[in-house]
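In case you want the letters, here they are:
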Amino acid sequence: MQGMGTPQAPGPVMAGTSVSQSTNGNGTVDGLPLEFGGKPSPAVDSMIELVKADANADVKYIEVSGNLAEQIDVAFQKLCVSNEGVLFENKLLQIGVRIGLNDSDSAKGPTKMCMTMFLGNKTNKPVEGFTCHVQQPEGIRVSVAQASQDIQAGKQAKCVIDFSCSGAFAFPPACRMQWLYKGERQGLRLRLPVSPNRFIKGFALPADQFGSGWSALKEEHSVAVSAAAIEQTKLRTGAQPIDGIEGCWAGTLVTEKGVEGVLIRSVKLDDTTSQVTVRSRNSTLSTSVGQALAGTWAGSGTALAAPDTADRSIC
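Computed from a prediction, not measured in an experiment: that's the story for all the values here. (Residues numbered from 1 in each chain as written. Predicted model: local features only at pLDDT ≥ 70, side-chain atom pairs only at ≥ 80, totals over all residues. Heavy atoms only, no water.)

Caption draft 1: Fine view of the overall build of the protein. The number of helices and strands found in the protein is six helices and 18 strands. Counting all 315 residues of the protein, 51% fall into the buried class. The long-range share in the protein, meaning contacts at least 24 apart out of those at least 6 apart in sequence, stands at 73%. (Helix = DSSP H or I, 4+ residues; strand = E, 2+ residues; numbered from the N terminus. Buried < 20%, exposed > 50% of the residue type's maximum accessible area, 1.4 Å probe, protein only. Contact = heavy atoms within 4.5 Å.)

Caption draft 2: Seen up close, the state of the cysteines. Throughout the structure, instances matching the rule amount to zero disulfides. With no disulfide partner, Cys132 has as its closest neighbouring cysteine sulfur the one in Cys175, 3.3 Å distant. Sulfur of Cys159: no disulfide; nearest cysteine sulfur belongs to Cys132 and is 3.9 Å away. (Disulfide = S-S within 2.5 Å.)

Caption draft 3: Molecular detail of the packing of aromatic side chains. The tally for this structure, following the rule as stated, stands at three aromatic pairs. Note on Phe130 and Trp179: the rings are 5.7 Å apart at their centroids and 5° apart in plane angle, and the pair reads as stacked. Residue Phe130 is located in strand S6 (residues 127–135), and its partner Trp179 is located in strand S10 (residues 174–181); the two are separated by 49 residues in the primary sequence. Given the relative accessible area of 1%, Phe130 is considered buried. Their ring planes at 80° and their centres at 6.4 Å tell us that Phe169 and Phe199 sit as a pair that is edge-to-face. Taken together, the residues span a long stretch of sequence, with Phe169 in the loop between strand S9 (156–165) and S10 and Phe199 in the loop between strand S11 (184–191) and strand S12 (200–202) at a distance of 30 residues. Per residue, the accessibility class of Phe169 equals that of Phe199, and both read buried. When the ring centre of Tyr61 is taken as origin, the NZ or CZ atom of Arg189, which lies over that ring, is 4.0 Å away. (Phe/Tyr/Trp six-rings, centres within 6.5 Å; stacked < 30°, edge-to-face > 60°. Lys NZ or Arg CZ within 6 Å of the ring centre and 35° of its normal.)

Right, dumping it as structure tokens:
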């Protein structure tokens, strides 16, 4: 297209795989905010931290494996791009999720996310002393507005969790729930569907500035994405299509520290698959947004169960 420096097309990747790369260089994007960036802090998986902390706990955790693990993973990925649904269900509990955004700074976009968890007791006995602890990863601040509570037979309780984004994050928050049922202390660990796309706002970047912007952003992640997912790109990332350029989007990650530009470009590989490349100034941001696009955010939404604390009988 005339007047636009066309970025070099990234090389193709096989379906189901992803590639990250980093190159040196600095630059600015005309009109696209770049208020912070640089090397990310070492990423720590909050779920691993929870498992370590529970190593000596006298709690029988629900083992999440097999079909249950697959069901939770599917629910997790869907909830990363939708606002409500069921995250977990077994014969004892149903855990539903509803998500809202706080658009308190309309000039920048959503800086906070509110998650309401609906805790349903499916049995004819009370679930007592239900507590919820959230392990926050680097880049996320968490506030849980719920004390210990009882859930009567056939009834439902709520747990409200607020999330604030302070920077790019490589892993979702992990949640530890514990309760007393029939005199036995039980528990469940789950990843919560909080992905970076929740904090990205669309940016109206002029078409003739996309080329220079693409060249200026050096942290890149490419991933093979299905055609169906491409149709949902704006929903999945919050990014805005570039007017006049097919298959390109622009957005900004909105955090408490500022905003950072994100550019996305798709190249069709065949009738069912496209290669999507995400660029920013932060490798963690580029990778996590790419994963959210492909429906592989954090690799899995399942709970990790340490062998010495998981209980196969609670299912």
